[in-house]
Amino acid sequence: RVSLVDTRLGRCGWHALRGEDVGSGSITLQGTNITDSGKSGLSFSRSDSVNVSAIGSTIRGAGSRAIYMADVHGSWIELIDVHIEGANKDGIYVTRSTGNVSMTVNGTQIANCSRSGIALSRGAASTDVAIASSEISGMDDNGISLGEIANSVRVSL
């Protein structure tokens, strides 16, 4: 369990915060700024479940993705008043999830990423995305991209 409050993580050559091969993880960001990471702002892979809660935080200038999750059994992501900008690939990318994916985005701006604002792909279970009072703009490809999800998909805008 990691909690970052009023913290700045900047100019990391790889990932600003990385979790790999963990049973379960809980990440809380409050008033935190993550800038100029070489790869991802937050990166999680090969884990049972990951919960990310970000409130009033910024992830800017990621070399790849602002938030990246791969091969995670289940994930829960909550973004409230978060600013994601200038990722060199996707703002949020979740792939090869073997469990449910739940994402709540409120009062958040995802802007100017080279691919998609939110991309969810190759999921084996249900995917639930709820977006309210937010803006996704300036992407080179898709605002929201969903693909190869084996079970139900629900998107609420």
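To be clear, the structure that these remarks concern was listed above.
It should be emphasised that the depicted structure is a prediction, and the values quoted were computed from it without experimental measurement.

Q: What exactly am I supposed to notice about the sheet that holds strand 7 (residues 58-60) here?
A: Either a parallel or an antiparallel arrangement is found when strands of a sheet pair, and the pairing is made through backbone hydrogen bonds. A sheet is described by the order of its strands in space; here six strands give the open sequence 2-5-7-9-12-15, paired in parallel fashion. Edge positions in the sheet fall to strand 2 (8-10) and strand 15 (135-137), since each of these pairs with one other strand and no more. Averaged over all adjacent pairs, the angle separating strand axes in this sheet is 5°, with direction ignored. Judged from the three bridges that link them, strand 5 (residues 33-35) and strand 7 form a sheet pairing that is parallel.

Q: Help me understand the environment of serine 64 in this model?
A: Here serine 64 shows up in the loop between strand 7 and strand 8 (67-80). C-alpha of serine 64 to C-alpha of serine 40: the two residues are 24 residues apart in sequence and 5.5 Å apart in space. Apart from the residues within four sequence positions on either side, serine 64 is in contact with Gly38, Lys39, Ser40, Ala87, Asn88, Lys89 and Asp90.

Q: What should I look at first to understand the pairing of strand 3 (residues 17-20) in this one?
A: Every other side chain in a regular strand lies on the same face of the sheet, so the side chains alternate between the two faces. Burial along strand 3 is one-sided: Leu17 and Gly19 are buried, while Arg18 and Glu20, pointing the other way, are not. Summarising the sheet, strand 3 and strand 6 (residues 42-55) pair through four bridges and their orientation is parallel. Considered in strand 6, the bridge of glycine 19 is made with phenylalanine 44.

Q: Teacher, can you tell me more about the side chain of serine 37 here?
A: Within the secondary structure, serine 37 is located in the loop between strand 5 and strand 6. A distance of 3.2 Å separates a polar side-chain atom of serine 37 from the backbone oxygen of serine 40. The contacts of serine 37, once residues within four sequence positions are left out, are Cys12, Trp14, Ala16, Gly61, Ala62 and Gly63.

Conventions adopted
- Position labels on residues start from 1 in each chain and follow its written sequence.
- Given that this is a predicted model, residues contribute local features only at a pLDDT of at least 70 and side-chain atom pairs are listed and counted only at 80 or more, while totals for whole chains, interfaces and linings are drawn from all residues.
- Excluding hydrogens and water, the side-chain values take into account all heavy atoms of the structure.
- A strand pair is defined by DSSP finding two or more bridges across the two strands.
- Strands are runs of DSSP state E lasting at least two residues, helices are runs of H or I lasting at least four, and both sets are numbered from the N terminus onward.
- An axis is simply a line fitted to the C-alpha atoms; with a helix, the fit covers only the stretch in contact. Between two such axes, the angle follows the N-to-C directions and lies from 0 to 180 degrees.
- In this description, contact between two residues means that some pair of their heavy atoms is separated by no more than 4.5 Å.
- Exposure classes here rest on a 1.4 Å probe applied to the protein chains alone. A residue is buried below 20% of its type maximum, exposed above 50%, and partly exposed in between.
- Any N or O atom pair separated by 3.5 Å or less is treated as a polar contact, with the protein-specific requirement of one donor-capable and one acceptor-capable atom, and with residues adjacent in sequence counted only for side-chain atom pairs.

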